[in-house]
Amino acid sequence: MKMYIVWAIAIVVFGVLEGITTQLVSIWFVLGAIAALIASLCSATLPVQVIIFVAVTVIALIATRPIVKKRINTTFEKTNADRCIGNEAVVCEEIDNLKAKGQVKTGGQIWSARSSDGSVIPENTVVTVEKIDGVKLIVKIGN
């Protein structure tokens, strides 16, 4: 098989892979494969094509990765709900993880709740909010 066909297939495969991911994983391989394809069309030997592929891929990665990392925001925005974490809450409906039920009241709001250790927590118990999981507070008894 001619190497330019292999490089063309590699471009398509890496391009499709890049298209189905959201993390810019293989764009650098696409650039390297394009460079190797050009080298193949210029009658470069296989070792030269591979060296060009690796070199262009590494150079593209080194040159663009810091820019890409700045553009992609990987930090999470805190919400007002985060202020519940660490607060005390009062159980207003018995918490039972196995029955998928339970509610607590904190900060004047009623939330669905689950216990962090899986224990059943009776009504009117004071609990501490450990974290938020979706729209549920994960709580524990005591501090």
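Bear in mind the structure is a predicted one, so any value in this text is a computation, not a measurement. (Residues numbered from 1 in each chain as written. Predicted model: local features only at pLDDT ≥ 70, side-chain atom pairs only at ≥ 80, totals over all residues. Heavy atoms only, no water.)

J.: Is there a simple way to explain the pattern of salt bridges in this structure?
T.: Side chains carrying opposite charge are able to pair once their charged atoms draw close together. Counting across every chain of the model gives two salt bridges. Across the pair Glu94 and Lys101 runs a salt bridge whose closest N-O atoms are separated by 4.0 Å. Classification of Lys101 by relative accessible area gives partly exposed; the value is 29%. (Salt bridge = Lys/Arg side-chain N within 4 Å of Asp/Glu carboxyl O. Buried < 20%, exposed > 50% of the residue type's maximum accessible area, 1.4 Å probe, protein only.)

J.: Explain the packing of helix 1 (residues 3-20) against helix 2 (residues 27-41) to me, please; I cannot follow it from the model alone.
T.: Between two packed helices, both the angle of their axes relative to each other and the distance between the axes serve to describe the pair. Where helix 1 contacts helix 2, the axes come no closer than 8 Å and their chain directions differ by 165 degrees. In terms of orientation, helix 1 lies roughly antiparallel with respect to helix 2. Once helix 1 is placed against helix 2, the crossing between them reads as left-handed. Between helix 1, through Met3, Tyr4, Trp7, Ala8, Ala10, Ile11, Phe14, Gly15 and Glu18, and helix 2, the contact on the second element is made entirely by Ile27, Phe29, Val30, Ala33, Ile34, Ala36, Leu37, Ser40 and Leu41. (Axes fitted to C-alpha atoms, helices over the stretch in contact; angles between N-to-C directions. Helix = DSSP H or I, 4+ residues; strand = E, 2+ residues; numbered from the N terminus. Parallel < 35°, antiparallel > 145°, perpendicular 65-115°, else oblique. Left-handed = near helix turned anticlockwise from the far one by under 90°. Contact = heavy atoms within 4.5 Å.)

J.: Can you help me understand helix 1 in this one?
T.: Residues lying three or four places apart along an α-helix face the same way, a consequence of the helix completing one turn every 3.6 residues. Compared with the 26 Å implied by 1.5 Å per residue over 18 residues, the 26 Å span of helix 1 between its first and last C-alpha is a close match. Buried within helix 1 are the following residues: Trp7, Ala10, Ile11 and Glu18. Burial along helix 1 is one-sided: seen end-on, the buried residues are contained in an arc of 105 degrees. Of the exposed residues in helix 1, the ones pointing more than 90 degrees away from its buried face are Val12, Gly19 and Ile20. (Expected span 1.5 Å × (residues − 1). Arc of directions from axis to C-beta.)

J.: Just checking my understanding: could you explain helix 2 for this structure?
T.: Its 15 residues place the ends of helix 2 21 Å apart at the C-alpha level, agreeing with the 21 Å of an ideal helix rising 1.5 Å per residue. Of the residues making up helix 2, those classed as buried are Trp28, Val30, Gly32, Ala33, Ala35, Ala36, Leu37, Ala39 and Ser40. Within two residues after helix 2, Ser43 carries a phi angle of roughly 70 degrees, on the positive side.

J.: Where do I start with the sheet that holds strand 4 (residues 126-133) in this structure?
T.: Strand pairing in a sheet relies on backbone hydrogen bonds. The paired strands run either parallel or antiparallel. With mixed pairing, five strands are arranged side by side around a closed barrel as 1-2-3-5-4. In this sheet, neighbouring strand axes are inclined to one another by 50 degrees on average, regardless of whether the strands run parallel or antiparallel. Direction of pairing for strand 2 (residues 101-106) relative to strand 3 (residues 109-115): antiparallel, over a ladder of four bridges. If you follow Val104 over to strand 3, its bridge partner there is Trp111. (Pairing = 2+ DSSP bridges.)

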